[in-house]
Amino acid sequence: MRRMIAALAAFALLGVSTASASPEVNRALPNAERVGQASYSMLSVRLFNAELFADGGSFSWERPFALSITYDRSAQANMLINRSINEMSSRGAGNARALAPLRTQLERCFTTVSRGDRFTGVSTSSDTAVFYLNGAQRCEVRWPNFRRHFFGIWLAGRDGAAARLSAQLRGEA
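Within every chain, residues take consecutive numbers counted from 1 along the sequence as written. Selection of residues for local features in this predicted model requires a pLDDT of at least 70, selection of side-chain atom pairs for listing and counting requires 80 or more, and totals for whole chains, interfaces and linings are taken over all residues. Calculated side-chain values reflect all of the structure's heavy atoms, with hydrogen atoms and water omitted.

## Points about the overall build of the protein chain
Link 1 in the chain: Every helix listed is a DSSP run of H or I at least four residues long, and every strand listed is a run of E at least two residues long, numbered separately from the N terminus. The helix and strand tally for the protein chain stands at 6 helices and 6 strands.
Link 2 in the chain: Listed N to C, the secondary structure of the protein chain is α-α-β-β-β-α-α-β-β-β-α-α in terms of helices and strands.
Link 3 in the chain: Only protein chains enter the accessibility calculation, which uses a 1.4 Å probe. A residue is then buried if its area is under 20% of the maximum for its type, exposed if over 50%, and partly exposed in between. Residues counted as buried form 41% of the 173 residues belonging to the protein chain.
Link 4 in the chain: Here the analysis covers contacts within the protein chain between residues at least 6 apart in sequence; of these, 53% occur between residues at least 24 apart.
Link 5 in the chain: Here the Shrake-Rupley method, with its probe set to 1.4 Å, supplies the accessible areas, and only the displayed protein chains count as covering residues. When the accessible area of the protein chain is evaluated, it comes to approximately 9,500 Å², of which 50% is carbon and sulfur surface. In this description, contact between two residues means that some pair of their heavy atoms is separated by no more than 4.5 Å.

## Comments concerning the environment of Ala156
Link 1 in the chain: Secondary-structure assignment places Ala156 in the loop between α5 (146–155) and α6 (160–169).
Link 2 in the chain: The spatial distance from the C-alpha of Ala156 to the C-alpha of Ala167 is 8.2 Å, given a sequence separation of 11 residues.
Link 3 in the chain: Once you skip the residues sitting within four places of it in the chain, Ala156 turns out to touch Trp61, Arg91, Ser166 and Arg170.

## Structural notes on the pattern of salt bridges
Link 1 in the chain: We define a salt bridge as a contact between a side-chain nitrogen of Lys or Arg and a carboxyl oxygen of Asp or Glu at a distance within 4 Å. All chains considered together, the criterion is met by 7 salt bridges.
Link 2 in the chain: Here Glu62 ties to Arg148 by a salt bridge, and the two come within 3.8 Å at their closest N and O atoms. Separated by 86 residues along the polypeptide, Glu62 in the loop between β2 (45–55) and β3 (65–71) and Arg148 in helix α5 bring together distant segments of the chain.

## Considering the sheet that holds strand β1 (residues 32–42)
Link 1 in the chain: Any two strands with at least two DSSP-identified bridges between them are counted as paired. Ordered in space as β1-β2-β3-β4-β5-β6, the 6 strands form an open sheet in which the pairing is antiparallel. The open sheet is flanked by β1 and β6 (136–142), the only strands paired with a single partner. Here the strands of the sheet are splayed against their neighbours by 20° on average, with no regard to which way each runs.
Link 2 in the chain: Examined bridge by bridge, strand β4 (residues 118–125) and strand β5 (residues 128–133) share 6 bridges and lie antiparallel to one another. Among the inter-strand pairings, Ser123 is bridged to a residue of β5, identified as Ala129. Whenever a helix is involved, its axis is fitted only over the stretch in contact; in every case the axis is a line through C-alpha atoms, and angles between N-to-C directions fall within 0 to 180 degrees.

## Some details on helix α3 (residues 77–90)
Link 1 in the chain: Multiplying one less than the number of residues by 1.5 Å gives the expected span of a helix. Taking 1.5 Å per residue, 14 residues should reach 20 Å; α3 reaches 20 Å between its end C-alpha atoms and fits that length.
Link 2 in the chain: On its buried side, α3 packs onto β3, α4 (100–109) and α5.

## Considerations on the packing of aromatic side chains
Link 1 in the chain: In summary, the pairing rule links any two rings of Phe, Tyr or Trp, Trp by its six-membered ring, whose centres are within 6.5 Å, and it sorts them by plane angle into stacked for under 30 degrees, edge-to-face for over 60 and tilted for everything else. Scanning all chains against the criterion turns up 17 aromatic pairs.
Link 2 in the chain: An angle of 80° between the planes, with centres 5.3 Å apart, marks the rings of Phe65 and Phe151 as edge-to-face. In this pair, Phe65 sits in strand β3 while Phe151 sits in helix α5, placing the two residues 86 residues apart along the sequence.
Link 3 in the chain: Look at Phe65 and you get buried, because its relative accessible area is 0%.
Link 4 in the chain: Taking the relative accessible area as the measure of exposure, Phe151 reaches 1% and is therefore buried.
Link 5 in the chain: Through successive ring pairs, a cluster of aromatic residues spans Phe59, Trp61, Phe65, Phe110, Phe119, Phe131, Phe146, Phe150, Phe151 and Trp154.

## A closer look at the layout of surface pockets
Link 1 in the chain: Lining residues are those with an atom within 4 Å of a point, where the points come from a 1 Å grid over the protein atoms alone and group into cavities, where a 1.4 Å probe fits but cannot get out, or pockets, open sets with protein on both sides within 12 Å along at least five of seven lines. Grid points are joined across faces, edges and corners, and a volume is the space filled by probe spheres set on the points. In this model, the largest pocket occupies a volume close to 710 Å³.
Link 2 in the chain: Listed by contribution, the elements that provide at least two residues to the lining of the largest pocket are β1, β2, β3, α3, β4, α5 and α6.

Here it is in structure tokens:
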């Protein structure tokens, strides 16, 4: 028992993760390993913790991956959808009118979240993702270049805290 505790302590000190993927990630990506994790805070209030999983623990925009976000605060579905559409628009996905059909798809996916809820998106192709809430499948979204436009919100931060969050998730920090 002492050796096991010492080994776990050594792993923790080295930063080696013993965390495993959620059941929905394991089903969608059987060889997935955690690439990175990061927490996001605003004004010293932690809003969520995110984890990125990919086959073999190596991220690539060209291969399937899963992003899980566990919320530390409640958030209304409309706020999540509006924020996603605004961010995607700022990343070149189109204006609000062009993204209206995508908004309809996201309205089927997103729901109000509470503290402790886990929302997972599995990017299955460049244009498709499957979404889960607390392990239960909610929907599938199909949209041109959805992987880059939507998941780029977390994985392609441009500056400051967003860039740090992205680097941590991609295992680069």
